[in-house]
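# Per-entry structural report
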Amino acid sequence: MSFAWWTILDTHGKLLSVKNPAVLQFLTQPLRLTAAQLHERIQSSSMDAKLEALKDLANSSRDVTFAQEFINLDGISLLTQMVESGTDFGDLLSFTLTAFVELMDHGIVSWDTFSVAFIKKIAGYVNKSAMDTAVLQRSLAILESMVLNSQDLYQKVAQEITIGQLIPHLQGTDQDIQTYTIAVINALFLKAPEDKRQVGYTPSYTRTHSHTHPHIHTRTNVIRSPKPINDEMAHQLYVLQVLTFNLLEDRMMTKMDPQDQAQRDIIFELRRIAFDVECEPNNSGSIEKRKSMYTRDYKKLGFINHVNPAMDFTQIPPGMLALDNMLYFARHHQDAYIRIVLENSSREDKHECPFGRSSIELTKMLCETLKVGELPSENCHDFHPMFFTHDRSFEEFFCICIQLLNKTWKEMRATSEDFNKVMQVVRDQIMRALTQKPNSLDQLKSRLQNLSYTEILKIRQSERMNQEDFQSRPILELREKIQPEIMELIKQQRLNRLCDGTCFRKISSRRRQDKFWYCRLSPNHKVLHYGDLEESPLGEVSHDLLQEKLPVADIKAVVTGKDCPHMKEKGALKQNKVSVCTVSVCVSVSYITYCVWTDGLNALLGKEMTSDFTKSDMDTLLSMEMKLRLLDLENIQIPEAPPPIPKEPSNYDFVYDCN
C-alpha cells in the first residue's frame, strides 16, 4: 500500500508529517473552535477574564491558520471597535493592540479598510505625553504599517501626526521606542510627495570689509510640517534629520559646482584656518604669484587637484557632504585640524597623510557603513544610541574618525602607496567599535583609542586561527602531528637549561638571604650536582666544585609549594620552593626559573610538563610552525576529507621497462 505524505507546520513551527490528507481537517477543527471561544471571551464583562483572553489571543495570532479562522469571525472589526470605544486602557489596551498587529502582519486583511476614528485613536496614543510604553510601541508600529501599505492612509496619518509630535519620543531612553519612532518618520518621509520632503543644507556667506576674515553661516531647510515650527523645534528637527540621514543623503548626492563662488569660499575658509592667512585683495601681487601660493597651500591641505580643489568634490558620493564635514572639523575642532594639516605638510611627500583626500574617502566610508542613502530595511536591526547624544552627531563622528585615521597612518608608518591599506584598517577599527554599540561619542572615542593598529593585527591573527579552515579535520590532524615534536623541543630546552645550571639565593630559617646554592644537571642527564656557595658566581660552576650529588634514578617525586615537607613542618612560607626527595632546600627564584626547573625535573622523571610557561611556549611555537607549513596554502580552500583514491588503470603498459 502506498501513502501520500504531507508536511505541515504546527502552531509552534514544528514540522508534522501526515500520511492521510484527510487528517488535515482534524487539525483545523481545534483552531476554529479556539478562535470562536476567544472571540467570545474577549467580550467578557469581567476585566480579569477579558485580560486573560486577550493574552491568549495575542499569542495565538502569530499562527496564520488561527489568524485566518479568527478573521473569518470578523475578529479584526471587533478589535478596532474595542480600540475606538476608548474604554480599555493599560494591559487590556496593550494586548488588544498586540493581537491586532500580529493578525495584520499575515497580510490577510487590507489596511485600507480602517476608519478615520481608528486612525485618530491610534495617533492620539502617540501624541500623548505620558503613555504606557507597550501601548506606545504598538501604536507606532501600526502607524508605520498604515503609512507604508496605503497612500490614502498616509494622507490621513499625516494630518494626525506631525514630526514635532514624534521628536519627544526620541529624547527618552527606551531604545525600542526610539527605533519605532524613527521607523514612522522614515515611512512618512518615503511616502511624502517630492515637494514636501525636500531637505536641504545651503551654506550662506556674508563678507565684511576686505581687511577682515570671511564669516560663514549655515541655514537648514527642514521637512515641511502642517504646524508652524519655532526655533527650538527647528533645532530638534535638525537633530532628527541627522538621525534619519535624510539631510546627509541630500548633501552626499550633491556635486560641487567649481564655478559656484559660495562653495569655493568654503575651500578658502579651510585654507585660512589652517595657515592663518588673511583674505588677500584682488590687486595684491601678480596673478601668477597668487596662483602659486594657492597651489602650494592646497597641496599641503591634501587635495588631489592642487590647482582647482573644487574638482575633488564633483564625485558622488560623497559630494558636498565631505566638504561640509571638513569645514565642521576646521571650525569646531580647530586645534586638531591645524595640527593634522601642519604635521603632515612638514613630512616627506610620500609619508604625508593627505587631509583632503582622506576626508573625502572617510566620508564615503562612513556613509557606506551607516547605509546613508539606502532605503530602510526590515532585516536591519542596528541601533546606535550615540547618535542621540549630539545635535551634529554625524559631523562629530567624522571628527573622531579623521583623527583616528591620522593616528593609524602614523602607527603604520604608511606612505602614499599604502593609502588603501590604511583605509581598510580604519574601516575595521570603526566597524569593531560600532559593534559594541557605544552609548555616547565619548565612549566611541575611548574604544577607538584602544583599537590601535597593533591591536587590530592581534585580533586579525586570532580570528584567522579560529577560522573554519583552521578547525577543519586536516588542520586539526596536522596540529596533533606537530604537537609531540614541539613538546620534545620544549623538553630539550628545559634540560639544556638544567645542564647550564642556576645559582639560587638560599633562604635560612631566619629568612636571611646571605648564602647561595648552585645546582646543575650532568651532560648525560643522570646526576644532579649541587652545593653551597659563599657568593654568586660570574659564570657557570664546574661539576668538580659541586661536592654533593644526587642520581636522577633516586628521585621519586618533585613537590613544590605547600606540599614540601619543610612547609608542613615549619608553617607556611613562600611558594616556589623545590624539594627533591631527601634533598629539601628553600630558595628564592623568579617565576620563569621556577617553571624551567619544575618542568625540567618532571621531564627527567618522564612526567608531563604542566607549567604555564610550557603552555605559553607550546601555543607560540605551534602557531608559528602551523603558519610556516601552511604558507603555500594561503587563499586555497582546504577540503574536509581526503580526495578519493582513483581506480587502477586497465593496464600498466606505460611503465618504463628498465631492461
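Since this is a predicted model, take the numbers as computed values, not measurements.

Analysis parameters
Residues numbered from 1 in each chain as written. Predicted model: local features only at pLDDT ≥ 70, side-chain atom pairs only at ≥ 80, totals over all residues. Heavy atoms only, no water. Helix = DSSP H or I, 4+ residues; strand = E, 2+ residues; numbered from the N terminus. Buried < 20%, exposed > 50% of the residue type's maximum accessible area, 1.4 Å probe, protein only. Areas by Shrake-Rupley, 256 points an atom, 1.4 Å probe, with all protein chains shown as cover. Salt bridge = Lys/Arg side-chain N within 4 Å of Asp/Glu carboxyl O. Expected span 1.5 Å × (residues − 1). Bend = angle between axes of the 7 residues up to and from the residue. Axes fitted to C-alpha atoms, helices over the stretch in contact; angles between N-to-C directions. Parallel < 35°, antiparallel > 145°, perpendicular 65-115°, else oblique. Left-handed = near helix turned anticlockwise from the far one by under 90°. Contact = heavy atoms within 4.5 Å. Nonpolar A, V, L, I, M, F, W, Y, C, P; charged D, E, K, R; others polar. Core = buried A, V, L, I, M, F, W, Y, C linked by side-chain atoms within 4.5 Å. Phe/Tyr/Trp six-rings, centres within 6.5 Å; stacked < 30°, edge-to-face > 60°. Lys NZ or Arg CZ within 6 Å of the ring centre and 35° of its normal. pLDDT = per-residue confidence, 0-100.

## What about the overall build of the protein?
In terms of regular secondary structure, the protein is built from 26 helices and 12 strands. Among the 659 residues that make up the protein, the fraction classed as buried is 42%. With an accessible surface of roughly 37100 Å², the protein has 50% of that area assigned to carbon and sulfur atoms.

## Quick look at the pattern of salt bridges
Evaluation of the coordinates by the stated rule reveals 19 salt bridges. Across the pair glutamate 52 and lysine 55 runs a salt bridge, and its minimum N-O distance is 3.8 Å. You can see glutamate 52 and its partner lysine 55 sitting in helix α2 (residues 47-60), three residues apart, about one turn around the helix. A relative accessible area of 40% means that glutamate 52 is categorised as partly exposed. A relative accessible area of 29% places lysine 55 in the partly exposed class. Residue aspartate 428 is joined to arginine 460 by a salt bridge in which the shortest nitrogen-to-oxygen separation is 3.0 Å. With a gap of 32 residues between them, aspartate 428 in helix α19 (residues 419-435) and arginine 460 in helix α21 (residues 453-465) connect regions that are remote in the sequence. We classify aspartate 428 as buried; its relative accessible area is 15%.

## Focus: helix α23 (residues 473-500)
In a regular helix each residue adds 1.5 Å, so 28 residues correspond to 40 Å; α23 covers 41 Å between its end C-alpha atoms and thus fits that length. The largest bend along α23 reaches roughly 30° and is located at isoleucine 482, with the proline proline 484 sitting one to four residues downstream. For α23, every residue scored as buried is listed here: Ile475, Leu478, Ile482, Ile486, Ile490, Arg494, Leu495, Leu498 and Cys499.

## A look at the packing of helix α5 (residues 91-104) against helix α7 (residues 133-149)
Across the interface, α5 lies against α7 with an axial gap of 9 Å and an inter-helix angle of 30°. Judged by the inter-axis angle, α5 sits roughly parallel to α7. Remark: the crossing between α5 and α7 carries left-handed chirality. Judged by residue contacts, Leu93, Ser94, Leu97, Thr98, Phe100 and Val101 of α5 engage Ala134, Val135, Arg138, Ser139 and Ile142 from α7. Partitioned by chemical class, the residues of the contact of α5 with α7 number seven nonpolar, three polar and one charged.

## Observations concerning the nonpolar core
In terms of nonpolar packing, the biggest core is built from 63 residues, with Phe313, Phe329, Tyr337, Leu362, Phe397, Ile430 and Leu444 touching the most fellow members. Every element with two or more residues in this core is listed here: α13 (261-275), α14 (287-300), α15 (320-332), α16 (334-345), α17 (355-369), α18 (393-411), α19 and α20 (441-450). Counting residues per element, this core draws most heavily on α18, which supplies 10 residues. Excluding anything up to four places from it in sequence, leucine 444 contacts Met386, Phe397, Ile400, Ala433, Leu434 and Pro438. Ile71, Met82, Leu103 and Ile161 belong to the second largest nonpolar core, which has 58 residues in total.

## Side note on α17
Compared with the 21 Å implied by 1.5 Å per residue over 15 residues, the 20 Å span of α17 between its first and last C-alpha is a close match. Those residues of α17 not exposed but buried are Phe355, Gly356, Ser358, Ser359, Ile360, Leu362, Thr363, Met365, Leu366, Cys367 and Thr369. Positioned one or two residues after α17, lysine 371 has a phi angle of 60°, which is positive.

## Examining the packing of aromatic side chains
Overall, the coordinates contain 19 aromatic pairs when judged by the stated rule. Seen in terms of ring centroids, tyrosine 337 and phenylalanine 355 are 5.3 Å apart; in terms of plane orientation they differ by 65°. Their pairing is edge-to-face. Of this pair, tyrosine 337 sits in helix α16 while phenylalanine 355 sits in helix α17, and the two are 18 residues apart along the sequence. With a relative accessible area of 0%, tyrosine 337 lands in the buried category. Taking the relative accessible area as the measure of exposure, phenylalanine 355 reaches 4% and is therefore buried. Ring-pair connections join several aromatic residues into one group, and the members of that group are Phe268, Tyr294, Tyr298, Phe303 and Phe313. Between arginine 357 and the ring centre of phenylalanine 419, over which it is positioned, the NZ or CZ distance is 3.8 Å.

## Quick word on the confidence of the model for the protein
Mean pLDDT for the protein: 77, with 76% of residues reaching 70 or above. A low-confidence stretch, residues 1-27 (pLDDT under 50), is modelled with 29 contacts involving residues beyond four sequence positions or located in other chains. A low-confidence stretch, residues 577-582 stays under pLDDT 50, and its non-local contacts, those more than four residues away or across chains, total 23 contacts.

## Re the packing of helix α4 (residues 75-85) against helix α6 (residues 116-127)
For the pair α4 and α6, the least separation of the axes is 9 Å and the interaxial angle reads 55°. Relative to α6, the element α4 lies oblique. In the crossing of α4 with α6, the sense of the turn from one axis to the other is left-handed. Where α4 approaches α6, its residues Thr80, Val83 and Glu84 are matched on the opposing element by Ala117, Phe118, Lys121, Ile122 and Tyr125.

## Re the environment of isoleucine 400
Structurally, the position occupied by isoleucine 400 is in helix α18. The buried category is assigned to isoleucine 400, whose relative accessible area is 12%. Along the primary structure isoleucine 400 and lysine 445 are separated by 45 residues, whereas in three dimensions their C-alpha atoms are 6.5 Å apart. Ignoring any residue separated from it by four or fewer positions in sequence, one finds isoleucine 400 in contact with Leu441, Leu444, Lys445 and Leu448.

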